[in-house]
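Structural overview
The lines below spell out each chain.
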Amino acid sequence: MKSFRLFSVVAAVFIVAGLTVNVSLAGKEKGKKEAGHEYSKEQMAAWQEAISPGSHHKQLKHLVGEWDTKVTMWEEPGTEGMSSQGKAKCEMVLGGRFVVQHMTGEMMGMPFEGMGMVGYDKATKKHTSVWMDNQGTQMMYTEGECENHCKMETHHGSFTGPPGHERKFRMLTNIVDENKHTMEMYLVGEDGKEFKHMEVVYTRS
């Protein structure tokens, strides 16, 4: 019940903030005074630009759709990879600002379900992502940059694996064409060298 009340308060704050922005944008030419501060048209225009989707967000549309997936995992360097098939559905949400992915399949002989979100933070100029699945109880956060007109992204992140050790990883997303893209995840092994831990190949259904 406390969590619900807290959520209601937070939601109300965001709703009021959104109404304030809309009023400000439609206000007088010199801006609207709020808490003793006068926002100019230039300031409001800059703020509107900062929160609006840009060219990096347009590239996210390459990920949207329904996909057949092939997941291959390598537990340690030099080991044989284990592959499985699955499905993924990716949707653009929140006015073209983020892509949400839902993935289902099988992993290590068990049903697998995961979901994530990718986006681009115009304030930090970083590509961002978050991932969670039924193989654990943590969320994995990453951030990175893109190249080749954002057809390739490189992200870095970390997670805590058993028995409580933090493991850093590098993640590469490559847009091959409109019907195929790949994700590769690299871990650092016990020898301190990086090795390929996972590869997901997405082929449009």
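Fair warning: this is a prediction, and the values are worked out from it, not measured in the lab.

You can see Thr-173 is positioned in strand β10 (residues 165–177). Thr-173 has contacts with Lys-151, Met-152, Glu-153, Thr-182 and Met-183, leaving out every residue within four places of it along the chain.

Below, the discussion takes up the nonpolar core. Ranked by size, the top nonpolar core spans 24 residues in total, and within it Met-103, Phe-169, Met-183, Met-185, Met-198, Val-200 and Tyr-202 carry the most contacts. No other element matches strand β12 (residues 194–204), which puts four residues into this core. Beyond its immediate chain neighbours, meaning those up to four positions away, Val-200 contacts Thr-69, Lys-70, Val-71, Met-103, His-181, Thr-182 and Met-183.

A few words now on the packing of aromatic side chains. Evaluation of the coordinates by the stated rule reveals two aromatic pairs. Taken together, a centroid distance of 6.4 Å and an interplanar angle of 90° make the contact between Trp-67 and Tyr-202 edge-to-face. Here Tyr-202 lies in strand β12 and Trp-67 lies in strand β3 (residues 65–73), a separation of 135 residues in the sequence. Ring geometry for Phe-159 and Phe-169: centres 6.1 Å apart, planes at 45°, overall tilted. Here Phe-169 lies in strand β10 and Phe-159 lies in strand β9 (residues 152–161), a separation of ten residues in the sequence. Phe-169 shares its class with Phe-159; the two are buried. Across from the ring centre of Tyr-186, 4.6 Å away, lies the NZ or CZ of Arg-170, which sits over that ring.

Basis of the calculations
- Residues numbered from 1 in each chain as written.
- Predicted model: local features only at pLDDT ≥ 70, side-chain atom pairs only at ≥ 80, totals over all residues.
- Heavy atoms only, no water.
- Helix = DSSP H or I, 4+ residues; strand = E, 2+ residues; numbered from the N terminus.
- Contact = heavy atoms within 4.5 Å.
- Core = buried A, V, L, I, M, F, W, Y, C linked by side-chain atoms within 4.5 Å.
- Buried < 20%, exposed > 50% of the residue type's maximum accessible area, 1.4 Å probe, protein only.
- Phe/Tyr/Trp six-rings, centres within 6.5 Å; stacked < 30°, edge-to-face > 60°.
- Lys NZ or Arg CZ within 6 Å of the ring centre and 35° of its normal.

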